[in-house]
Amino acid sequence: MSEATRTSVTLPGFLGLPMFQPGWVWLVGAGPGDPALLTLGAAHALASANVVVYDALVDERILALAGPDAQLEYAGKRGGRPSPKQADITLRIIDLARQGKRVLRLKGGDPFVFGRGGEEGLALVEAGIPFRVIPGVTAGIGGSAYAGIPVTHRDTNHVVSFITGHDTTGGVTGNIEWEALAKGSPVIVLYMGLKHLGEIATRLMAGGRDPDEPVAVIARATTPAQRVLETTIRRAEADVAASGIEAPAIVVMGPVVRLRAALDWLGALDGRTLTADPLGTRHGQKKTGS
Ligand code: SAH
């Protein structure tokens, strides 16, 4: 690729994008998959980086936006597979920055949402490395939207919780007050949740959730391989097993899932007929909220 082609990828200065300085690390979110969800800042960072240290969940079409001379380094961490230790990744990033490289640390979704971006930032501060954070579209929000599910809706919920299905022990997340969550958050978006889905469902039902509450499991959201399974809290584990749906997936629980019947815009592109008013709130019933 010629230099001219390359600079045409870099977004022009009038947008106010900062220069990527040598010796800096940029912690950047790549979004959930679809390159259309990349921020201008992320595209600019890709075009200017000397090294891109990327995670397993970063889409190939996004990596293809890196400049022709950029070095691409895989630092994938994926449950169940051997992967570099977090400390090694952090040391590598610090080392590259000390070599005077423009280091792009590219993470799936948003770097500060269940992405260890905070940990890497802390290590950079400790090492005295200058850094910048470019947020990304997180899978729980962008992925839900691609399934036709808004994470908040005035008629259904004023609260949404984003939770992770397992903690550092690999077991179901210990420090969540499941009963309080079940009672206090009408909509729950679960990341990394397939492994412990049955146990999480049990805890939520024990906390008072309706076993027939709608659930959507959205795998490989926003990519061409996106799959959506609609089920209920009670049936979720068995239905996931029967469907063969696999990680990475997010699980959305709560009444907003019903809106999919109306808002599955992606399905509509494939011929799905959308149902107006899936909540039955348009006539008669008084709307809540202001
Ligand atoms: N920082 C990321 C989350 C990393 S944790 C973000 O903000 O999105 C990894 C988990 O994110 C996966 O186990 C899965 O639950 C979710 N995830 C990431 N990309 C996804 C995608 N394209 N489709 C569905 N879930 C995804």
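In this text, all values refer to a predicted model and were calculated from it rather than measured experimentally.

So, how was this worked out
- Residues numbered from 1 in each chain as written.
- Predicted model: local features only at pLDDT ≥ 70, side-chain atom pairs only at ≥ 80, totals over all residues.
- Heavy atoms only, no water.
- Buried < 20%, exposed > 50% of the residue type's maximum accessible area, 1.4 Å probe, protein only.
- Helix = DSSP H or I, 4+ residues; strand = E, 2+ residues; numbered from the N terminus.
- Arc of directions from axis to C-beta.
- Contact = heavy atoms within 4.5 Å.
- Salt bridge = Lys/Arg side-chain N within 4 Å of Asp/Glu carboxyl O.
- Pairing = 2+ DSSP bridges.
- Axes fitted to C-alpha atoms, helices over the stretch in contact; angles between N-to-C directions.
- pLDDT = per-residue confidence, 0-100.
- Near = heavy atom within 4 Å.
- Polar contact = N/O pair within 3.5 Å; in protein donor to acceptor, adjacent residues only side chain to side chain.
- Areas by Shrake-Rupley, 256 points an atom, 1.4 Å probe, with all protein chains shown as cover.
- Nonpolar A, V, L, I, M, F, W, Y, C, P; charged D, E, K, R; others polar.
- Domains from an automatic or database assignment.
- Core = buried A, V, L, I, M, F, W, Y, C linked by side-chain atoms within 4.5 Å.

**Regarding helix H8 (residues 197-206)**
Point 1. Along H8, the positions that sit buried rather than exposed are Leu197, Gly198, Ile200, Ala201 and Leu204. Along the axis of H8, the buried residues cluster in a sector spanning 165°; they form a single face.
Point 2. Buried positions along H8 lie against helix H7 (178-184), strand S7 (187-191), helix H9 (236-243) and strand S10 (249-253).
Point 3. Remark: glycine 208 follows H8 within two positions and exhibits a positive phi of approximately 110°.

**Things to note about the pattern of salt bridges**
Point 1. Applying the stated criterion across every chain yields a total of 16 salt bridges.
Point 2. Measuring nitrogen to oxygen at the nearest pair gives 2.8 Å for the salt bridge that ties glutamate 230 to arginine 260. Residue glutamate 230 is found in strand S9 (residues 227-232), and its partner arginine 260 is found in helix H10 (residues 260-263); the two are separated by 30 residues along the sequence.
Point 3. A residue is classified by how much of its surface remains accessible, and glutamate 230, at 38% relative accessible area, is partly exposed.
Point 4. What you see here is one network of salt bridges that share partners, running through Asp55, Arg105, Lys107 and Glu120.

**Quick notes on the sheet that holds S10**
Point 1. Ordered in space as S6-S7-S10-S8-S9, the five strands form an open sheet in which the pairing is mixed. Two strands lie at the open edges of the sheet, namely strand S6 (160-164) and S9, each paired on one side alone. Between one strand axis and the next, the sheet turns through 20° on average, direction left out of account.
Point 2. One ladder, built from five bridges, connects S6 with S7; its direction is parallel. The partner of serine 161 across the bridge, within S7, is isoleucine 188.
Point 3. Sitting on the sheet, helix H6 (residues 139-146) touches S6, S7, strand S8 (214-219) and S10, and the angle it makes with S10 is about 75°.
Point 4. With respect to the sheet, H9 is in contact with S8 and S9, its orientation differing from that of S9 by roughly 145°.

**Observations concerning the side chain of threonine 164**
Point 1. One can find threonine 164 in strand S6.
Point 2. Classification of threonine 164 as buried rests on a relative accessible area of 13%.
Point 3. The residues contacting threonine 164, other than those within four sequence positions of it, are Phe114, Thr173, Ile176, Leu190, Tyr191 and Met192.

**Observations regarding the confidence of the model for the protein chain**
The predicted coordinates of low-pLDDT regions are not to be read in fine detail.
Point 1. Looking at the protein chain, pLDDT values average 91 and 90% of them are 70 or higher.
Point 2. Segment residues 1-9: pLDDT under 50, and eight contacts once partners within four positions in sequence are set aside and those in other chains are kept.

**So, the sheet that holds strand S2 (residues 51-54)**
Point 1. Pairing within the open sheet is parallel, and its five strands lie in the order S3-S2-S4-S1-S5. Bordering the open sheet on either side are strand S3 (71-74) and strand S5 (131-134), each of which pairs with just one other strand. Averaged over neighbouring strand pairs, the angle between their axes works out to 20° when direction is ignored.
Point 2. In this fold helix H2 (residues 40-48) packs onto strand S1 (25-29), S2, strand S4 (103-107) and S5, with an angle of close to 135° to the strand it touches most, S1.
Point 3. Packed onto the sheet, helix H5 (residues 117-127) meets S1, S4 and S5 and runs at close to 170° relative to S1.

**Focus on the site of the ligand**
Point 1. With respect to spatial proximity, 18 residues lie near the ligand, and among them Asp110, Val113, Thr138, Ala221 and Ala249 are the closest.
Point 2. Contacts to the ligand include aspartate 110, whose backbone N or O atom sits 2.8 Å from an oxygen atom.
Point 3. Note that a nitrogen atom of the ligand is positioned 3.5 Å from one of the backbone N or O atoms of arginine 220.
Point 4. Protein contact buries 91% of the 540 Å² of open area that the ligand shows by itself.
Point 5. Broken down by class, the residue content of the shell around the ligand amounts to 12 nonpolar, four polar and two charged.
Point 6. Residues lining the shell around the ligand come from more than one domain, with at least three contributed by each of domain 1 (3-137) and domain 2 (140-269).

**Notes on the nonpolar core**
Across soluble globular proteins, nonpolar side chains have a tendency to be buried as a group.
Point 1. Trp178, Leu197, Leu204, Val217, Val251 and Met253 are the most contacted members of the largest nonpolar core, which has 24 residues in total.
Point 2. The set of elements that each furnish at least two residues to this core consists of H7, S7, H8, S8, H9 and S10.
Point 3. The biggest single contributor to this core is H8, with four residues.
Point 4. Trp26, Ala45, Ala49 and Val52 belong to the second largest nonpolar core, which has 19 residues in total.

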